[in-house]
Amino acid sequence: MRSSWINKLSVILGPRPPVSWLLLCLISVLALIAVLGSSSSNSFESVTSIPVPDIYTNYRRLKEQAAIDYLELRTLSLGVSRQRELGLCGKEQENYVPCYNVSANLLAGFKDGEEFDRHCELSRDGQRCLVRPPKDYKIPLRWPAGRDVIWSGNVKITKDQFLSSGSMTKRLMLLEENQIAFHSEDGLNFDGVKEYSRQIAEMIGLGNDSEFLQAGVRTVLDIGCGFGSFAAHLVSLKLMAVCIAEYEATGSQVQLALERGLPAMIGNFISRQLPYPSLSFDMVHCAQCGIIWDKRDGMFLIEVDRVLKPGGYFVLTSPTSKPRGSSSSTKKGSMLTPIEELTQRICWSLLAQQDETLIWQKTMDVHCYTSRKQGAVPLCKEEHDTQSYYQPLIPCISGTTSKRWFPIQNRSSGFHLSSVELEVHGKYFHPDDYFEDSEFWRSSLRNYWSLLTPLIFSDHPKRPGDEDPLPPFNMIRNVMDMNARYGGLNAAFLEAKRSVWVMNVVPTRTQNTLPLILYQGFAGVLHDWCEPFPTYPRTYDMLHANGLLSHLTSEGCNIMNLLLEMDRILRPEGWVVLSDNMVAIEKARALATQIRWEARVIDLQKGTDQRLLVCQKPFLKK
């Protein structure tokens, strides 16, 4: 039966409208379209004829327009696009880390420790959802206060786990019911890390640990970093200490370190190389890190040698390394004997031993390897020194043919490179490109912060004519530059004297400039962005990428999966800044609304197709 409104229409028009009436309606519609098209065209021409404010010359007008656009886009994202938004993952995935599924690894046949290793090839694209924060999650304290006090609800370790460890040091760290403190009010660390650091400095011939930089020690790889106290102290000395530790289902060392705002990522010594090139770090530190260094014919120690720079130091602190008896000349424990034999075979010399700490130094003389006795560890072929992205461990010594064989003691201080150092790294870039890149990021950093101002302070009361206050730089502790190139953004932060640190990521399918980044004393890592990043959820305050979207699209990577991974590792109320061509940015903006980001697009310069996408992740409270 036809509805009532159809019956009324039939009464008015009759059972079948005349052909002339249909033609009249068609002509009327076409005329209306022509009028509207002409009007919109004139309107568009009038809009485009207005000069577009340039980001580099007119910040004030851009700020005001940004505030308006921000409110409009926020209303749109809360209204029209809500039906397309992704849902939240279950509570069991609050601390989800892809590629570390032990059960799946065992079913796939991995054993002998490899079941605890990273296996992204076994990951399957399941239901897409947003990893939710824990019920008691709170926004971290601003840097540097957040380095010493964290919210206990932000990490997987519970108060009961913390107290049941049996360590008086850990018990003293508990400040309140909902906080964990790693620093006392008088500025002294409870665990004696300052004294420990001074001891290491004296053992390598320095007066105190403030002389590490002058001795060429700028970057430290801290294996099994515990609560990050040693790394935090080194950061206070202007050193870059990166923590790596194995994946842990509860009580993660990496998560604790990152929550404190310290550089860290998941990594282990099992069957694969670390995602760093050869000759990467000035010092490798292991304090009760749980690794048996003479296992598998010393392959783990050979991997340390691979990432250690010429003249660099390996610091081992463990109860098993303490000599028997009171004399330091007493014969060491049985575990040390094979280590001593292996260190001689790879041209390391034992500098000093005190209490439970031993320090070896890697040779500065590349000719040492040709003068070794028979049975020494062989040298790697040149192809092994190219890209080390989770390749199998190799029983040979790397880096001996590299032009980067440069003793740390001969390196210039600071992150600016000398002409000689630029020539050494000439394989990775042209010097003019390096200087142009540095100048570009100096100006871009100022512009980024200016653009963030109206988004953060859009409702900030101000007097007429007053400029908006700049956002505090310490609202962020860390930044991940997802396509770091030469590390120019990192250098710009340092030149601006900002305390934020940067994780410089070099995509595996681009030119490998990571050696240059690490040589400047920055934190960095190789990574394939078609895979998840080895970190825990909510561990970065800002994600930045220049040209990454278009590059990954050309490589066939799924951009939605990339943005979901970015959402996983970004803390609530964290920021995303993406720079790319207009097509890539518009696609990303459409996807950003699905994952509930508040986003807006900025036209960087008139006459180009380059766009900037600025997003903020909301704090989704349950």
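For the structure, check the block above.
We now turn to the structure provided with this report. Note that this is a predicted model, so its numbers are computed, not measured.

1. Details of the nonpolar core
Core analysis: the largest hydrophobic core is formed by 102 residues, its most contacted members being Tyr-276, Trp-293 and Phe-314. The biggest single contributor to this core is helix α17 (residues 559-569), with seven residues. Here Trp-293 is in contact with Ile-223, Phe-269, Cys-286, Gly-298, Phe-300, Leu-301, Val-304, Phe-314, Leu-316 and Ile-339, once residues within four sequence places are set aside. Counting 23 residues, the second-largest nonpolar core is a separate cluster that includes Val-193, Tyr-196, Met-203 and Ile-408.

2. Thoughts on helix α7 (residues 193-203)
Of the residues making up α7, those classed as buried are Val-193, Tyr-196, Ser-197, Gln-199, Ile-200, Ala-201 and Met-203. On the buried face of α7, the contacting elements are α8 (229-236), β7 (281-287), β8 (308-317), β9 (348-354) and β10 (357-362). At the C-terminal side of α7, Gly-205 shows a positive phi close to 95°.

3. Observations concerning empty space enclosed by the protein
The full count for this structure, using the stated rule, is six cavities of 30 Å³ or more. Its boundaries defined by the atoms lining it, the largest cavity holds a volume of some 80 Å³. Around the largest cavity, the lining residues are Leu-130, Val-131, Arg-132, Pro-133, Asp-567, Pro-572, Ile-595, Trp-597, Lys-617, Pro-618, Phe-619 and Leu-620. Here the lining of the largest cavity is built from residues that sort into nine nonpolar, no polar and three charged.

4. Let's talk about the sheet that holds strand β11 (residues 478-481)
Strand order in this open sheet of seven strands is β13-β12-β11-β14-β15-β17-β16, and the pairing throughout is mixed. Among the strands making up the open sheet, the edge pair consists of β13 (523-527) and β16 (598-603). Neighbour-to-neighbour, the strand axes of this sheet turn through a mean angle of 15°, independent of strand direction. Strand direction decides the pairing type here: strand β12 (residues 501-507) and β13, joined by five bridges, are parallel. Residue pairing in the sheet places Asn-504 in a bridge with Gly-524 of β13.

5. Considerations on the state of the cysteines
The final tally for this structure, using the stated rule, is seven disulfides. The disulfide bridge from Cys-99 ends at Cys-120, spanning 2.0 Å between sulfur atoms. Since a negative S-S torsion denotes a left-handed disulfide, the Cys-99-Cys-120 link at about 110° is right-handed. One end of the pair, Cys-99, is in the loop between α3 (59-78) and α4 (102-107); the other, Cys-120, is in the loop between α4 and β1 (149-151), with 21 residues separating them in the sequence. The buried category is assigned to Cys-99, whose relative accessible area is 5%.

6. Quick word on the environment of Gln-344
When you line up the elements, Gln-344 lands in helix α11 (residues 336-345). Look at Gln-344 and you get exposed, because its relative accessible area is 59%. When the C-alpha atoms of Gln-344 and Ala-376 are compared, they prove to be 8.5 Å apart, with 32 residues separating the residues in sequence.

7. Focus: the side chain of Asp-282
As for its placement among the helices and strands, Asp-282 is situated in strand β7. Polar side-chain contacts of Asp-282 include one of 2.9 Å to the backbone nitrogen of Thr-219. Apart from residues no more than four positions distant in its own chain, Asp-282 is found in contact with Gly-216, Val-217, Arg-218, Thr-219, Leu-308, Lys-309, Gly-312, Tyr-313, Ile-408 and Arg-411.

8. A word on the sheet that holds β10
Sheet architecture is open: seven strands sit in the order β6-β5-β4-β7-β8-β10-β9, paired in mixed fashion. Two strands in the sheet have a free side with no partner beyond their single neighbour: β6 (264-266) and β9. Neighbouring strand axes in the sheet, compared pairwise and without regard to direction, differ in orientation by 20° on average. Here β7 runs beside β8; their pairing, made up of six bridges, is parallel. Pairing of Met-283 across the sheet is with Tyr-313, part of β8. Against the sheet, α8 engages β4 (219-223), β5 (240-245) and β7, with an angle of about 170° to β4.

9. Some words on the pairing of β10
Within β10, six of the six residues are buried, leaving the element largely enclosed by the surrounding structure. Covered by surrounding structure in β10 are Thr-357, Ile-359 and Gln-361 together with Leu-358, Trp-360 and Lys-362, the residues of both alternating faces. Looking at chain direction, β8 and β10 are connected through five bridges and run antiparallel. Within β10, the residue paired with Val-315 across the bridge is Ile-359. The sheet contact formed by β9 and β10 spans six bridges and is antiparallel. Pairing of Leu-350 across the sheet is with Trp-360, part of β10.

10. What to know about the environment of Glu-94
Residue placement: Glu-94 occurs in the loop between α3 and α4. Taking the C-alpha atoms as reference points, Glu-94 and Tyr-536, separated by 442 residues in sequence, lie 9.6 Å from one another. Discounting residues that sit within four places of it in the chain, Glu-94 has contacts with Val-131, Arg-132, Pro-133, Pro-134, Lys-135, Pro-537 and Arg-538.

Scoring rules and cut-offs
- Residues numbered from 1 in each chain as written.
- Predicted model: local features only at pLDDT ≥ 70, side-chain atom pairs only at ≥ 80, totals over all residues.
- Heavy atoms only, no water.
- Core = buried A, V, L, I, M, F, W, Y, C linked by side-chain atoms within 4.5 Å.
- Buried < 20%, exposed > 50% of the residue type's maximum accessible area, 1.4 Å probe, protein only.
- Helix = DSSP H or I, 4+ residues; strand = E, 2+ residues; numbered from the N terminus.
- Contact = heavy atoms within 4.5 Å.
- 1 Å grid on protein atoms, 1.4 Å probe; cavity = no way out; pocket = protein on both sides within 12 Å on 5 of 7 lines; lining within 4 Å.
- Points joined across faces, edges and corners; volume = space filled by probe spheres on them.
- Nonpolar A, V, L, I, M, F, W, Y, C, P; charged D, E, K, R; others polar.
- Pairing = 2+ DSSP bridges.
- Axes fitted to C-alpha atoms, helices over the stretch in contact; angles between N-to-C directions.
- Disulfide = S-S within 2.5 Å.
- Polar contact = N/O pair within 3.5 Å; in protein donor to acceptor, adjacent residues only side chain to side chain.

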